[in-house]
Each structure stands twice: as C-alpha cells, then as structure tokens.
Amino acid sequence: MKQTTNFLIFFFLLFFILLLSVYSVDIDSCQILNSGSYELNTSIIHSGSNCFNISGNNVILDCQGNNITLNSGGSYYGIYLTGDNVQISNCIISNFSQGIRLISNTNTTIQLNTVQHSVGNGIYLSGSTNNTFYLNRIENNSGYGIGAFSTSSNNNITSNVLSGNNYAVGLTQSSNNNFLISNTIKDNFLNGIFLSYSNNNLISLNTVTGNGIGFRILGDGEGNNLTLNNITENINYNINMNSGISGPYQNLIYNNNLGNISKIYSDDWSYWDISFNLSTQGNTYYNNSAFGTGLTYCFGAGNCDYGATITVFPLIITPSITSSLFPIQGFLSVLTLISLLFLYFN
C-alpha cells in the first residue's frame, strides 16, 4: 500500500515538473525580461525607450505574431539583448533605431521574426558569438539587415529573406568563422553581402540578385569560402573585390553562378588568379566579349564559358533549433526528482 501511494505521489509530482518546464508568462507591455519564458499576447505601440531589455540568461520570448512598433524618434531598440542562451521568435519589429541589438551575446536563436523599417540596422551584433538567425524576414532597414561587427564570430545565418535594406548582410571587423547559408538576398540598395577585414567565413547556397553589388569584399581577408551561390543580375556588379594594403589572400570562389562577366570586378586580379579560375574552380559566367579579344578577365582563352546557363541550386536547411530550460526550473526539477526518488525507494 505504501509503495502504491509513493508511486502515485511520484507520478503527480513528475507531471508537475513537466508543467513547470513549459510554463510561460503572458505579457502585454515592454519591460525587462529576466530568466524565464514569456509570450506576448498583444501588439505594442511604444515610445521613448527600448521595448524589451533582456539582460538575464535563458530567456524565451515568443511574440506569437504580434507587432512591436516604435511611434516616436530616438535611438531605441526593439529588443536589446545582453544575456546568453536566449530564444526570440514570431515578433514583428518596426521603426526602431535597431530592431534587435545583441551585445557580447552567445548561444541565442533568433527565428521566424520580421524586422523592418529600422532607422539603422535591422539586427546588429557586436562581440556576439555562436548565435543562430533562421527563417527571418529582414526588410527595408536603412543600415544593414544583419550587421556583424567587432569579432562577432561563429554565427549561423541561414534561410532568411533580406530585401530593401541598404546592405543585406555585413561581416566586418574580424567577424570570423560565420556561416551564411541558403539565404535569399535581393533588391538591397548598396551591397547584398559585404565582407571586410574578416576571415574564414563560409558563404554558400545563397541567391543574390537585384542588389547594387551582389558580393563585395573590401580590405584584407583570408580563408573565406564563396561556393554554390547564384550571384546574378545585380545592378552594378555581381562581384566587386577591393584589396587592402596586403590584399585578400587564400579566399576561394568556386562553383558559383556569377552571371555576366562584365559585372565581375577586382582592382588587382593577382590576388584572385589562383582561386578564381573557371577551368579549375568551376565558376560559371558568360559574355567575355564585353572585354573584346584580350580575354584578360577570363584568365586566358580556355577559362570562359560562352554558353553558360544559370542553374538554381537547391535550398538546403540544416540548422537545429533548440530551446533551453531556465536555471530556476532546472534546479527545482532536479531537487524535486531527488526527493521523489528518495520517497519512492523508502
């Protein structure tokens, strides 16, 4: 009898633990968010300050498709994030100075959001690492759609749509070892992808079209890998490569569709001959006749594909999306479980 009673207590307390682990607090206004799970249950029109300040770790914010809109001027942020292990999803963030600002942040997932009409950047990272940006729409921001600055490294930017921004994605100031995969980058005014003084970034399987410049590298950069992208039909250049004092070295550009060769430019081809040669690296471009008979821009007569067709590579979505329990919940869960086991076996 005692064992049966203990089993029933064990079962109901275990059920309580499961409820605790998924419990979310309903919110209806801008505020500071500490550790916990929150669901926004109404749209917000805000003025005069940041909307959500997330300084604690292990926060989940689900806006459930609601809007967060600034209706006044000022340098304010829709979400200002300094905590780690945060998940932000299903928010529509409009009209702030920056939609989402991450400072020295790590292990955060930003997914399924719309960030639009920012006076500055849509999403801004400074010194932030190991974050995932997945399935967001980032549109019509006056600065970068996503801008990674100041050693923001090992971030995964995957399967987003970026359009109507001044710059779609920027990796700058030693933002190294990032993954820019399977994004649609179109109709941005200046640059689709801007890479400056950053190393070992993988840029692959993106569709980059209708931008002022599709892909631009400026200044020193080493070990960057541009492969399997469709970078075509951009307005000024599909690729524009400007070397720094010592030039970009060991950057690989291979197996891309690069469109009209008249839209491929570098201020010093010697930095790129080894890795940009069609015959060895499989890049596809056309219309070498734009440069007459010299064939300089095809690196020799054997390297141009006059009849190239533009192939659309398949979309590949690979990142995993995980959420974490909060420290207090984890502590309570473990403590309760230990008590249950003690009770059950005694």
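Residues numbered from 1 in each chain as written. Predicted model: local features only at pLDDT ≥ 70, side-chain atom pairs only at ≥ 80, totals over all residues. Heavy atoms only, no water.

**Q** Got a minute to help me understand the pattern of salt bridges in this structure?
**A** As a working rule, side chains carrying opposite charge can pair if their charged atoms are close by. As enumerated under the stated definition, the model contains one salt bridge in all. Arg137 is the salt-bridge partner of Glu139, the closest N and O atoms lying 2.8 Å from each other. The class for Glu139 is buried, based on a relative accessible area of 14%. Of the residues examined, Arg137 reaches a relative accessible area of 39% and is grouped as partly exposed. (Salt bridge = Lys/Arg side-chain N within 4 Å of Asp/Glu carboxyl O. Buried < 20%, exposed > 50% of the residue type's maximum accessible area, 1.4 Å probe, protein only.)

**Q** Even after reading the chapter, I still don't get the state of the cysteines, so can you show me in this structure?
**A** Each disulfide is one covalent bond, formed between the sulfur atoms of two cysteines. The full count for this structure, using the stated rule, is two disulfides. Here Cys30 pairs with Cys51 through a disulfide, and the sulfurs are 2.1 Å apart. Its S-S torsion of about -85 degrees marks the bond between Cys30 and Cys51 as left-handed, since a negative value means left-handed. Of this pair, Cys30 sits in the loop between β1 (25–27) and β2 (31–33) while Cys51 sits in the loop between β4 (44–46) and β5 (52–54), placing them 21 residues apart in sequence. Neither residue differs from the other here; Cys30 and Cys51 are each classed as buried. Between the sulfur atoms of Cys63 and its disulfide mate Cys91 the distance is 2.0 Å. (Disulfide = S-S within 2.5 Å. Helix = DSSP H or I, 4+ residues; strand = E, 2+ residues; numbered from the N terminus.)

**Q** Teacher, can you tell me more about unusual backbone geometry here?
**A** When glycine is set aside, most residues are seen to have a negative phi, and most peptide bonds are trans. At Asn95, a residue that is not glycine, the phi angle is positive and equals roughly 75 degrees. Unlike most non-glycine residues, Asn177 shows phi in positive territory, near 60 degrees. Residue placement: Asn177 occurs in the loop between β20 (167–172) and β21 (179–181). Taking the relative accessible area as the measure of exposure, Asn177 reaches 32% and is therefore partly exposed.

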